[in-house]
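Take a look at the letters that make up each chain.
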Amino acid sequence: MTIAPPSDQLAVGAPERRRPARRTGRAPGRTPIGYVFVSLYAILALAFGIFPALYAVFLAFTNADGGFAGLGNFVQVVTDFRFWPAVLHVVAYLVIWLLALLIFVVLLALVVHALRVRWASTSLRFIYYLPGALAGASSVLLWLFVLDPIASPVSGLLRLFGFTSFVQVIQPGNLPVVFAIIAFWTGAGGWIVIMYGALNNISTEVMEAARIDGANAVQIALQIQLPLLRKWIAYMGVMSLAAGTQLFVEPQLLSQASNGVVPNDYSLNQLAYLYAFQQNDFNGAAAISLLLLVVALLLSWVFVSRGGLFEKE
Amino acid sequence: MTALTGERRSSQLGMSIRGWSGRGIAGVVLVVFVLFFAIPIIWLLIAVTKSSKGLILDNPFALGSWSEFAANWQQLFGFQDGAVTTWIGNSALYSIGALVLTLVVSIPAGYSLALTEFRLRRALLVLTLVVMLIPSTALVLPIFLELNTVGLIGTPLSVILPMSFFPFGVYLTYIYFSTSIPRDLLSAARIDGCTEIQVFTRVALPLATPVVALVAFFSFVQNWNNFFLPFVMLPSSDGYPIQVGLTSLLSATPAFNPSSAGSDSVQLPTLALATVVSILPVLIVFLFSQRFLVSGMTAGGTKE
Amino acid sequence: MVGIHTAVRSRRRSALIVSALGAATALLALTGCTSAASSANGSYGFPEAKQDNSSTITVWVDADRQAAAKAFEATHPETKIKVVTYDGSANGSNSFRTKMQLFDRAGSGWPDVVFSSQNNDAAWASQKNGGKQAFAAVMNKGLVPKDTLDNFTPGALNPCTIDGQVYCLRNDLAQAVLWYNKSLMDQFGYTVPTTWEDYQALGEKVATEHPGYIVGAAGDPWTPEVYMWASKCEANNITGPTSVTVKTDTTECKRAASMLDTLRTDKTVPLVSVFTPEFVKNYSGKVLMMPGPAWYAGAIFNNPQSLNVPAGQLGVAAPPAWKGDDKPATGNVGGGTWFISSHSKNLKASEQFVEFVTTADQYQVDKAPGYPAYAPAAAKWVAKQQSSNYYATSLDPIVTAASQVWAGWGYGLFSQEAIWAKTMTPAITGGQSIVSLLPTWQQAIENQAKVNGYKVN
């Protein structure tokens, strides 16, 4: 059957028009069916998302006995000697990580997508994805060795940078980069897969038309593919921002691998964990989590509004 | 049509990028990143065939021996009388259970958020996004208390239920449905007399195979790798998934827990083998879902 | 932009929803309340749960201590136990404390017996937690026979003793001694030092006469426990459940720091951790001496995966003393502890289990890898090690050192190893001297103590 191309295809090259939701036929979905479909999810969201979140807010503003504490927990947390160093660590990491992710994932997805040889494309995506399967405790051993100039498979590279021992590699100044590398290594593959899929969604006719018009690869990428990927890039930005502010796994596993030389209070999320499970101060932990949430929300608002994540086409 | 085939014939390197410099740069980028992603994995695979000393002293890419691999295998699966096998089984149970529940919950939810109108739509989207951004440390205690109230702590459900709340998947579905399924298609179906449920099951769902595969895949991987939730909810080691079990393994490895040292404690290559074993299911699932991921959501109505 | 307006509208709607849910959340908050158990002290000095002497007890052990549980099952089949393995709270995971606190909040679920590979858990387990009953059962008010408690090596139960009450039993000791390679020492014509001053002099001599050989290692997180503790440096003097004295600018601290600095510059006590590839690669066959805990024997020397020192070469000497110190002192790196839950419904069986695993020959002598804390078992264990004919000297120095662990270094809620690893090791790697870092160390300990609720000095 003839199918009209998806609505976002029509927007190519022209200022984006947003078509009103209901133009043809009778108004869809003004029946209660939307509620039915979403009901199961709403129940789970309430039980495991919204209620716990509200409880966390409740915890953040009360003290251990349940009495109202006002901003007491926040003051305590912010004046903790580990708080501001953790903030700096997360910011440094976030800048490097987000930039690397946004630039390289899109670049790699574009390049892999440009491959016409099917098996090359598939196997490349498999290779890029492989590290994503390694999470948490599994990769403690891996990084203990990969970062050790004595036994690492990339020892030549490490020695090139002047490192002769593991402790030198994990010096505090290097850590944001090291964590960004580890996080990129595990996280990029999944996003490349998603971006690749999104790229496949773009009609090749549009691309061919542009090519015939004389556009080279870079121009096609910049003017056709990237705008159409806007929503996906925005989503990746938001998710990575959330993941980045919640930096936990990488410093935790390096902390284990190095027997504590990398501290277990490096990031804010780790600090929240320590508050909750080492100091038994769930109120402080909730306060830190709320702070993290607020920051992540503010930052992700940028992506949501500029990426049009909530707009319907 | 002729323009297309002409174009294809001219790209000898199998790329649709014209010009040597473009292809050169693209090639370099590809190779560099292949090395970046693959070298640690190759090292890991080789590491399982070595002895601990060999791991330290030999060339990182030198292969070990079959007998050392067998010894590592023995040590791994003999650990705590076969605990590793139990752990993998548990991981499979939790991940697949949560996967099924996630699909049943998330796909209709994403569909309705994208393609139907109801009053709390925006609210739910915003709330979902907000909840996704909350660090899980803050949510663990309330969830623990909730599940304790209904007496589920220590049972598989205490892990499966929270895991099936998968807002990431709902968002993926939402984005997919809102960008790839034309509303006209649905309207046409409605005009043809389909009820809303039929519109979903007969029109939208078949077109959504790629995103179903994608959500299933990501859900499975996230659940398989989830450490914190099972750690808190499951007190007994019999119920551990492999990720939590690995910490037990780590604590019996001298390099990470010096006081457990002795020549019969867990060796580093055994840990490497444990790592490989723990990621194998994820890789297998990835290979199988490649087919759907490759078709990459083109089913949204393009002509190819 | 339309996007903003709809978002604002939805935020208002969210606010309505939030307030509606707030009421429900209040309900949820109440579920955190637990039903109060009787808070009157029982006959053993703590509030007891209703006892049932035939119920199965749940025992938490780590992988290495599973053998202990099995030995118990073989010897006492009439007592029913359920064994759960966990990571033993090792590696900074803190899982013992984490899980018990969760159970406290839930009001149920505690195991009866727990093994912890750390020995600072009594610091929190002996205290009430947010109004909830303390987890650890008091052992010296009748629960464990006095004779048993008295037979532990003097000082072994210090980590378990808070305010005069004993809250746990020590599994093994890890007293620091002076390991040395007798063959190499004889070959080079050196005598084993008895004072730290002589040790430093020997180290400097080795640097000139036999470069490449080492007399110690200072890159591990427990370096302060071997060197600073033995020097009676008052960096961790826990004076009460919530008070600690920290003074790192004393002569005692400075002398050890300066010795380490000198030997590190000489490269005879390098900044390397003994469990790294670097150590094995660079120093196999080059370890002349090594101050370290008793378990170094099995972990590093007699381990084919590490130094693999052949039989007949490894000797042990008493830990060196500083000139002028009348009482010899040494440090301690590890050891584990066994706890009985105060919520246990079968204290009799729990006590039987804990007493067995810490004192019985069937485990501590026959199977335990570490030096038992229970003195009679320790004597037999040492005899067994000696009979293996691996060591070049008598093992008596280990026994003597067991009761010489300096009591001025305590076991607080915070980890000294973690502080040293994250504060000192990177700074030393960056080129600073330990002596110049002593104030930084002081500050770091104070900070960590304060966030854990301690009053400092």
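About the thresholds
Residues numbered from 1 in each chain as written. Chains lettered and ligands numbered in written order. Predicted model: local features only at pLDDT ≥ 70, side-chain atom pairs only at ≥ 80, totals over all residues. Helix = DSSP H or I, 4+ residues; strand = E, 2+ residues; numbered from the N terminus. Buried ≥ 20, exposed ≤ 12 C-beta atoms within 10 Å, placed from the backbone. Contact = placed C-beta atoms within 7 Å. Pairing = 2+ DSSP bridges. Right-handed = clockwise from strand over helix to strand, strands pointing away. Domains from an automatic or database assignment. Nonpolar A, V, L, I, M, F, W, Y, C, P; charged D, E, K, R; others polar. Axes fitted to C-alpha atoms, helices over the stretch in contact; angles between N-to-C directions. Core = buried A, V, L, I, M, F, W, Y, C linked by C-beta atoms within 7 Å. pLDDT = per-residue confidence, 0-100.

A look at the overall build of chain A
1) Next: Regarding its fold elements, chain A presents 14 helices and zero strands.
2) Next: What you see in chain A, going N to C, is helices and strands ordered as α-α-α-α-α-α-α-α-α-α-α-α-α-α.
3) Next: Taking all 313 residues of chain A together, 58% fall into the buried category.
4) Next: Partitioning the intrachain contacts of chain A with sequence separation of at least 6 by distance along the chain shows that 69% fall at a separation of at least 24.

Some thoughts on the overall build of chain B
1) Next: Of regular secondary structure, chain B possesses 15 helices and zero strands.
2) Next: Classification of the 304 residues of chain B by burial places 55% in the buried group.
3) Next: Within chain B, contacts between residues separated by at least 24 positions form 73% of all contacts whose residues are at least 6 apart in sequence.

What about the sheet that holds strand β13 (residues 337–340) of chain C?
Pairing between the strands of a sheet is mediated by backbone hydrogen bonds and can be parallel or antiparallel.
1) Next: Pairing is mixed across the open sheet formed by five strands, whose spatial order is β2-β1-β3-β13-β6 (chain C). In this open sheet, the two strands that pair with only one neighbour each are β2 (81–85) and β6 (169–170) of chain C.

Brief notes about the interface of chain A and chain B
1) Next: Facing the 99 residues of chain A at the interface are 103 residues of chain B.
2) Next: For the side of chain A that touches chain B, the element with the highest residue contribution is helix α1 (residues 33–60) of chain A, accounting for 19 residues.

A closer look at helix α5 (residues 138–146) of chain A
1) Next: With nine of its nine residues buried, α5(A) lies for the most part within the structure.
2) Next: Every buried residue belonging to α5(A) is among Ser138(A), Ser139(A), Val140(A), Leu141(A), Leu142(A), Trp143(A), Leu144(A), Phe145(A) and Val146(A), and all of these are buried.

Overview of the pairing of β2(C)
Residues and elements named next belong to chain C.
1) Next: A one-sided burial pattern is seen for β2, the buried positions being Ile81, Val83 and Thr85 and the unburied ones Lys82 and Val84.
2) Next: Where strand β1 (residues 57–61) meets β2, five bridges bridge the pair, whose relative direction is parallel. In the strand pairing of β2, Ile57 is matched with Ile81.
3) Next: Handedness of the β1-helix α2 (residues 66–75)-β2 crossover: right-handed.

Quick word on the domain arrangement of chain B
All names here are of chain B.
1) Next: Taken domain by domain, chain B comprises domain 1 (35–72) and domain 2 (83–300).
2) Next: Here the C-alpha centroids of domain 1 and domain 2 sit 32 Å apart.
3) Next: Of all the elements, helix α2 (residues 20–47) adds the most residues to the side of domain 1 that touches domain 2, at three residues.
4) Next: Each residue belonging to the side of domain 1 that touches domain 2 can be placed in one class, and the counts come to five nonpolar, three polar and one charged.

Quick notes on the interface of chain B and chain C
1) Next: On the chain C side, the residues contacting the 37 residues of chain B number 42 residues.
2) Next: The set of elements that each furnish at least two residues to the side of chain B that touches chain C consists of α3 (52–57), α6 (121–133), α7 (136–149) and α14 (242–251) of chain B.
3) Next: Classifying every residue of the side of chain B that touches chain C by side-chain character gives 19 nonpolar, 15 polar and three charged.

Describing the environment of Asp361(C)
All names here are of chain C.
1) Next: Summarising the element assignment, Asp361 is placed in helix α13 (residues 361–365).
2) Next: We classify Asp361 as partly exposed; it has 18 C-beta atoms within 10 Å.
3) Next: For Asp361, the residues in contact, after removing those within four places along its chain, are Asp366, Ala377 and Lys380.

Remarks on unusual backbone geometry
Residues and elements named next belong to chain C.
1) Next: Notably, Asn308 is not glycine yet its phi reads approximately 55°, a positive angle.
2) Next: For Asn308, the position within the fold is in the loop between α11 (296–301) and β12 (314–317).
3) Next: The class of Asn308 is partly exposed, set by 15 C-beta atoms lying within 10 Å.
4) Next: In this structure, Asn457 takes a positive phi of about 55° despite not being glycine.
5) Next: Among the structural elements, Asn457 can be located in the segment after β15 (455–456).

Some words on the sheet that holds β12(C)
Residues and elements named next belong to chain C.
1) Next: In spatial order, the strands read β11-β8-β12; together these three strands make up an open sheet with antiparallel pairing. If you trace the sheet from one side to the other, it starts and ends with β11 (289–293) and β12, each paired once. Strand-to-strand twist across the sheet, computed as the mean angle between neighbouring axes with direction ignored, equals 35°.

Topic: the nonpolar core
1) Next: Counting residues in hydrophobic clusters, the biggest one holds 350 residues, and the most contacted among them are Ala56(A), Ile192(A) and Met195(A).
2) Next: Discounting residues that sit within four places of it in the chain, Ile192(A) has contacts with Val105(A), Leu108(A), Ala109(A), Val112(A), Arg125(A) and Tyr128(A).

Structural notes on the confidence of the model for chain A
Residue and element names in this part refer to chain A.
1) Next: When pLDDT is averaged across chain A, the result is 81; 87% of the residues are at 70 or more.
2) Next: Element-level pLDDT for chain A is lowest in helix α10 (residues 217–228), with a mean of 79, against a maximum mean of 92 in helix α2 (residues 72–78).
3) Next: Across residues 1–29, confidence stays below pLDDT 50; counting only partners more than four residues off in sequence or on other chains, it has 46 contacts.

Considering the pairing of β11(C)
All names here are of chain C.
1) Next: Summarising burial for β11: five of the five residues are buried, a large majority.
2) Next: One ladder, built from five bridges, connects strand β8 (residues 176–181) with β11; its direction is antiparallel. Directly across from Leu178, in β11, lies its bridge partner Pro291.

A look at the environment of Ser91(B)
Residue and element names in this part refer to chain B.
1) Next: Assignment of secondary structure puts Ser91 in helix α5 (residues 83–115).
2) Next: With 24 C-beta atoms packed within 10 Å, Ser91 lands in the buried category.
3) Next: It is 29 Å that separates the C-alpha atoms of Ser91 and Ile175, two residues lying 84 residues apart in sequence.
4) Next: Excluding its chain neighbours within four sequence positions, the residues that come into contact with Ser91 are Trp224, Pro241 and Ile242.

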